[in-house]
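These are the residues of each chain, in order.
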Amino acid sequence: QKADRTREYSENLRLQKKLPHAIVIGVKKGGTRALLEFLRIHPDVGAPGPEVHFFDKRYGNGLEWYRQQMPSTLSDQLTIEKTPSYFVMKDVPRRVYEMSPSVKLIVVVRDPVTRAISDYTQQLSKRPNIQSFEKFVFVDDQSKVINSSWAAIRIGIYAKHLRRWLDYFSLAQIHFVNGERLVTDPAGQLAKVESFLGLRPIIKPSNFYYNETKGFPCLRKSGESIQCLGKTKGRIHPTISEEVVERLRAFFRPFNERFYRMTGRNFGWS
Ligand code: A3P
């Protein structure tokens, strides 16, 4: 017992709050909460629960404030935070670079069409009286031109946002998680993240349980207990007409293709 206490004491001494080694910078509605919660089961990872919003909203608080938001970790544990708005904010790549040019970046990407509908579904859940998706998505009723300044659309132009990150970081420093596969094969996507971060391969298919009712994988905790993400993750989307979806697909197609060329990966969004 005494040996246990001595070990615990010396471990406490080694605990420190560290600036992040890796940041999940986006994308909003890509599956960023699922990714972070799944990564947190790894014993060598420490991450704050809430989104920190340092580089976009609280930059004036200074780096020491940022460090204080991190959990205390052992010297060989990695600190990770996620704030999905970072990906689309103009000043953020430079600010992150100034903190650490060698930081690792993770982006969960998802078909920008479903991402836009997911984004709208979130807005609708907060303000049930907002206008319809169709009203937001076109600049006017007649022309049927896609309103690319609507945030739900703008965020999905991944190539444009990635361009700004590549002004500061090499592609090798950025890992893209396939948001669709994160649902169908979470262990496979997590294995790739472990490898990118240099973590021991620990997360296995047996860590997940597919909940039929929710339609998403949940975490299998010790014993029988299952932990799914909350009700705000995996919402039911409103039905959007095929014609509108088709127009959106056509709008995003050239940007998606540019994104595939930039990353050297075809995510298969039609
Ligand atoms: P929907 O609610 O539109 O289905 P974020 O955490 O970045 O806001 O992303 C939310 C999205 O994560 C959800 O959007 C859902 O599709 C996706 N997701 C991926 N894996 C999930 C999981 N295991 N449980 C719940 N949602 C998950």
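Predicted model only: the values in this text are computed from it and were never measured.

### What to know about the overall build of the protein chain
1) Next: Along the backbone of the protein chain there are eleven helices and ten strands.
2) Next: The C-alpha atoms of the protein chain give a radius of gyration of 20 Å, which matches the 18 Å a tight globule of 270 residues would have.
3) Next: Here the protein chain holds 270 residues, and 31% of them are scored as buried.

### Looking at the nonpolar core
1) Next: Val24, Ile25, Leu35, Leu39, Ile106, Val107 and Val108 are the most contacted members of the largest nonpolar core, which totals 49 residues.
2) Next: Non-local contacts of Ile25, meaning those with residues more than four positions away in its chain, are made with Tyr86, Phe87, Leu105, Ile106 and Val107.

### Looking at the sheet that holds strand β10 (residues 226-227)
1) Next: Reading across from one edge, β8-β9-β10 is the order of the three strands in this open sheet, with antiparallel pairing throughout. The sheet terminates laterally at β8 (208-211) and β10, the two strands that pair on one side only.
2) Next: Bridge analysis of strand β9 (residues 216-220) against β10 gives two bridges, and the strand direction is antiparallel. In the strand pairing of β10, Arg220 is matched with Ile226.

### Focus on the site of the ligand
1) Next: The environment of the ligand is made up of 18 residues, and the closest members are Gly31, Thr32, Arg33, Ala34 and Ser118.
2) Next: Per-element accounting of the shell around the ligand gives the leading share, three residues, to helix α2 (residues 32-39).

### Some details on the packing of helix α5 (residues 112-126) against helix α11 (residues 242-263)
1) Next: Where α5 meets α11, the closest approach of the two axes is 9 Å, and the angle between their N-to-C directions is 120°. For the element pair α5 / α11, the angle class is oblique. Of the residues in α11, those in contact with Pro112, Val113 and Ala116 of α5 are Val245, Leu248, Arg249, Phe252 and Asn256.
2) Next: Counted by class, the contact of α5 with α11 contains six nonpolar, one polar and one charged residues.

### A few points about the UniProt feature "domain: Sulfotransferase" (unreviewed entry) in the protein chain
1) Next: UniProt's entry tags residues 20-253 with the feature "domain: Sulfotransferase" (unreviewed entry), counted in the numbering of this structure.
2) Next: With 36% helix and 15% strand, residues 20-253 has its two end C-alpha atoms placed 34 Å apart.

### Topic: the sheet that holds strand β2 (residues 22-26)
1) Next: Strand order in this open sheet of five strands is β3-β5-β2-β6-β7, and the pairing throughout is parallel. Both outer strands of the open sheet, β3 (45-46) and β7 (174-178), are each paired with one neighbouring strand and no more.
2) Next: Of the strand pairs in this sheet, β3 and strand β5 (residues 78-82) are connected by two bridges, and their pairing is parallel. Opposite Gly46, over in β5, you have Thr79 as the bridge partner.

### Brief notes about helix α4 (residues 92-99)
1) Next: Every buried residue of α4 is listed here: Val92, Pro93 and Val96. For α4, the arc enclosing every buried residue in end-on projection is 100°, short of the 170-degree limit, so these residues lie on one face.
2) Next: Where α4 is buried, its residues meet β2 and α8 (158-166).

### Overview of the confidence of the model for the protein chain
For any part of a model where pLDDT is low, the fine detail of the predicted coordinates should not be relied upon.
1) Next: Averaged over the protein chain, the pLDDT score is 95; the fraction of residues at 70 or greater is 96%.
2) Next: No element of the protein chain has a lower mean pLDDT than helix α1 (residues 2-14), which averages 68, and none a higher one than strand β6 (residues 104-109), which averages 99.
3) Next: In the predicted assembly, ipTM is 0.99 and pTM is 0.95.

### Brief notes about the pairing of β2
1) Next: The element β2 is largely enclosed, with a buried count of five among its five residues.
2) Next: Taken together, the four bridges between β2 and β6 define a ladder with parallel strand orientation. The residue of β6 that forms the bridge with Ala22 is Lys104.

### Comments concerning the UniProt feature "active site" (unreviewed entry) in the protein chain
1) Next: This chain's UniProt record puts "active site" (unreviewed entry) on Lys29.
2) Next: Relative to the helices and strands, Lys29 is located in the loop between β2 and α2.
3) Next: With 26 C-beta atoms packed within 10 Å, Lys29 lands in the buried category.
4) Next: Discounting residues that sit within four places of it in the chain, Lys29 has contacts with Arg110, Arg115, Ser118, Asp119 and Gln122.

### Quick word on the packing of α8 against α11
1) Next: Between α8 and α11, whose axes approach to 8 Å, the crossing angle comes to 35°. Facing α8, whose interface residues are Tyr158, Ala159 and Leu162, α11 presents Phe255, Arg258, Phe259 and Met262.
2) Next: Along the lines of polarity and charge, the residues of the contact of α8 with α11 split into six nonpolar, no polar and one charged.

Criteria and thresholds
- Along every chain, residues carry numbers that run from 1 in the direction the sequence is written.
- Only residues with pLDDT of at least 70 get local features here, since the model is predicted, and only at 80 or more are side-chain atom pairs given and counted; chain-wide, interface and lining totals rely on the full set of residues.
- Labels follow the DSSP assignment, with helices taken as runs of H or I lasting at least four residues and strands as runs of E lasting at least two, numbered in each case from the N terminus.
- With the radius of gyration taken over C-alpha atoms, the globule rule is written as 2.2 Å times the number of residues to the power 0.38.
- Between the buried cut of 20 or more and the exposed cut of 12 or fewer other C-beta atoms within 10 Å of a residue's own C-beta lies the partly exposed class, and all C-beta atoms are placed from the backbone.
- In these notes, a nonpolar core means any group of buried Ala, Val, Leu, Ile, Met, Phe, Trp, Tyr and Cys residues linked to one another through C-beta atoms within 7 Å.
- Residues are defined as contacting one another if the C-beta atoms placed from their backbone atoms lie within 7 Å.
- Here the rule is simple: two strands pair whenever DSSP picks up at least two bridges between them.
- By definition, a residue lies near a molecule or strand provided its backbone-derived C-beta atom is within 6 Å of it.
- Throughout, an axis means a line fitted to C-alpha atoms (over the contacting stretch in the case of helices), and angles, computed between N-to-C directions, take values from 0 to 180 degrees.
- When an angle is under 35 degrees it counts as roughly parallel; over 145 it counts as roughly antiparallel; between 65 and 115 it counts as roughly perpendicular; any other value is oblique.
- Three categories are distinguished: nonpolar for Ala, Val, Leu, Ile, Met, Phe, Trp, Tyr, Cys and Pro, charged for Asp, Glu, Lys and Arg, and polar for the others, with Gly belonging to the last.
- UniProt positions are given in the numbering used here, feature names are shortened, and annotations may be inferred rather than shown by experiment.
- Arc, as used here, means the arc of the directions from the helix axis to the C-beta atoms.
- Within a predicted model, pLDDT stands for the predictor's per-residue confidence, ranging from 0 to 100.

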